[in-house]
Amino acid sequence: MNSVEELCTLISSRITWGRGEDPQSLNADTPLLEMGLVDSLAIMEIVTALDKEAGITLPDTEIVAANFRTPKALWTAIENLTGEVGK
């Protein structure tokens, strides 16, 4: 995982878009929670995908609503984590 755009692709593949919504409209500032695009199940699917597909393990302390408000917020949390472990 090298960019917020790659993260958006991963998130987009794990959410259910409502009728009439454009699946390609996900960007770094998309309000995921506010738009109802993610719920607790989708968050866990994203966390699992990050681990399996990108080798990024989010500790339980980072699986909080604030980190899933937007893809950019999650990307910031990932950058903080990977910086701490020297990746």
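Note that the structure is a prediction, hence the values are computed from the model and not measured. (Residues numbered from 1 in each chain as written. Predicted model: local features only at pLDDT ≥ 70, side-chain atom pairs only at ≥ 80, totals over all residues. Heavy atoms only, no water.)

Draft legend 1. Structural detail: the side chain of T82. Within the secondary structure, T82 sits in helix α3 (residues 71-84). In terms of polar contacts, T82 uses its side chain to reach the backbone carbonyl oxygen of E79, at 3.2 Å. (Helix = DSSP H or I, 4+ residues; strand = E, 2+ residues; numbered from the N terminus. Polar contact = N/O pair within 3.5 Å; in protein donor to acceptor, adjacent residues only side chain to side chain.)

Draft legend 2. Layout of the nonpolar core. The biggest cluster of nonpolar side chains holds 25 residues, and the ones touching the most others in it are I11, I46, L50, L58, L74 and I78. Those elements giving two or more residues to this core turn out to be α1 (4-12), α2 (40-54) and α3. Ranked by the residues each element gives to this core, the list is headed by α2, at six residues. With residues up to four places along the chain from it excluded, the contact list for L74 reads L7, I11, I46, L50, L58, N67 and F68. (Core = buried A, V, L, I, M, F, W, Y, C linked by side-chain atoms within 4.5 Å. Buried < 20%, exposed > 50% of the residue type's maximum accessible area, 1.4 Å probe, protein only. Contact = heavy atoms within 4.5 Å.)

Draft legend 3. Seen up close, the environment of P31. Among the secondary structure elements, P31 is positioned in the loop between α1 and α2. Residue P31 is classed as partly exposed on the basis of its relative accessible area, which comes to 25%. In this structure, the C-alpha to C-alpha distance between P31 and A49, residues 18 residues apart in sequence, is 20 Å. In this structure P31 touches R69 and T70, once residues within four positions along its chain are discounted.

Draft legend 4. Spatial organisation of the packing of α1 against α2. Across the interface, α1 lies against α2 with an axial gap of 10 Å and an inter-helix angle of 125°. Looking at the two axes, α1 sits oblique to α2. Where α1 crosses over α2, the two elements pack in a sense that is right-handed. Residues L7, L10 and I11 of α1 lie in contact with α2, whose contacting residues are I46, A49, L50 and E53. Residues belonging to the contact of α1 with α2 are distributed by class as follows: six nonpolar, no polar and one charged. (Axes fitted to C-alpha atoms, helices over the stretch in contact; angles between N-to-C directions. Parallel < 35°, antiparallel > 145°, perpendicular 65-115°, else oblique. Left-handed = near helix turned anticlockwise from the far one by under 90°. Nonpolar A, V, L, I, M, F, W, Y, C, P; charged D, E, K, R; others polar.)

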